[in-house]
Amino acid sequence: MPWIDAYEQCPCNSGQKYKFCCEKLVQKPTKKVPYTIYPERFVVGIICRCSDGFKKYYDEQRHHIRENVLWAEDKGLAFGIDQRVTKTYKFGKLDSIVIRLRNVPAKVESATFIAHELHHLILDQRGFIGVAPVRIEFDYIASSLSSMLTDPIIQSELSTYGLDIKNDFIAECETSLRALSGLNEPSDQINRMHWVFNYVSNILEWEVVCEKHGYVENELVKYFDSMFPVIAEEGKQLYEQIKTYGFETPQKQKALIKDIVGRYDPKGKVIKAPF
Ligand SMILES: [Zn+2]
Ligand SMILES: [Zn+2]
């Protein structure tokens, strides 16, 4: 259920009440798409109206995404994740692109996060692995690998729209810190990789934030360095490799992903290899 009232003005900016406007276009969950799907203008209406940065971003960038995007409400997203984009394939063909949100319509505070998810798809259009093609059982690890090598590009490009990457970065670090408290370093390979990728991802994004906004303390990296030194050490080595190779073009990004997958998972199970 959306967080707005049925008799409130519809967030899509039509001037009508929600009940008589977008509510009629809501699609119930199906076997193929197990989420309630909302019209895009309903989901992004408030942030378009209340965030100039988002509005500018949306007007200039949205049309680059040529595929159909489904906007879903998903209360079951993992702790600390309030939105997420996934692409599924069936028989090698794109089946659906779904942007899942914990809350619909999107609140103005999530402007940067929503632009972030859209930008994953835009990088896809530019030839990057913006959203990893995944096998379900390795969903999160493939995502964390591709995110590691696309999030810094995304943050850097979003900041040119005046979208707030600094406070969002700090908020993300805080959420991750809360999620980590009381946890021990994982012992299985898949989870260790996930942690290493997240650690490196955080350093790479942090560099973008510092470059745009001056020095910002990175509490998450400090925490990892003192609590999980083995993961941090592994992360630092991977970071060095990434900095040496670079990932600023689709070709470089793909070569790097191939190399990392080869190094961490010789059976190539982590990411299906169309590249
Ligand atoms: Zn509406
Ligand atoms: Zn991302």
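Parameters at a glance
Residues numbered from 1 in each chain as written. Chains lettered and ligands numbered in written order. Predicted model: local features only at pLDDT ≥ 70, side-chain atom pairs only at ≥ 80, totals over all residues. Heavy atoms only, no water. Domains from an automatic or database assignment. Contact = heavy atoms within 4.5 Å. Buried area = accessible area lost by both parts, 1.4 Å probe. Salt bridge = Lys/Arg side-chain N within 4 Å of Asp/Glu carboxyl O. Helix = DSSP H or I, 4+ residues; strand = E, 2+ residues; numbered from the N terminus. Pairing = 2+ DSSP bridges. Axes fitted to C-alpha atoms, helices over the stretch in contact; angles between N-to-C directions.

Brief notes about the domain arrangement of the chain
Piece 1. Each domain of the chain was delimited in the assignment, giving domain 1 (1-126) and domain 2 (136-275).
Piece 2. For domain 1 and domain 2, the distance between their C-alpha centres works out to 25 Å.
Piece 3. If you look at the interface, domain 1 gives 19 residues, while domain 2 gives 21 residues.
Piece 4. Interface of domain 1 and domain 2: buried area, both sides summed, is about 1,700 Å²; carbon and sulfur atoms make up 64% of it.
Piece 5. Seen at the junction of domain 1 and domain 2, the total is one salt bridge.
Piece 6. Arginine 126 serves as the salt-bridge partner of glutamate 157, at 2.7 Å between the closest nitrogen and oxygen.
Piece 7. Of all the elements in the fold, those that place two or more residues in the side of domain 1 that touches domain 2 are helix H2 (52-61) and helix H3 (111-125).
Piece 8. The element contributing the most residues to the side of domain 1 that touches domain 2 is H3, with eight residues.

Quick notes on the sheet that holds strand E3 (residues 83-90)
Piece 1. With mixed pairing, the four strands of this open sheet are ordered in space as E1-E2-E4-E3. Of all strands in the sheet, those bounded by a partner on one side alone are strand E1 (36-38) and E3. Ignoring which end each strand starts from, the neighbouring axes of this sheet average 40 degrees apart.
Piece 2. Here E3 runs beside strand E4 (residues 93-101); their pairing, made up of eight bridges, is antiparallel. Bridged to threonine 86 within E4 is valine 98.
Piece 3. Running over the sheet, H3 touches strand E2 (69-73), E3 and E4 and is turned about 30 degrees from E3.

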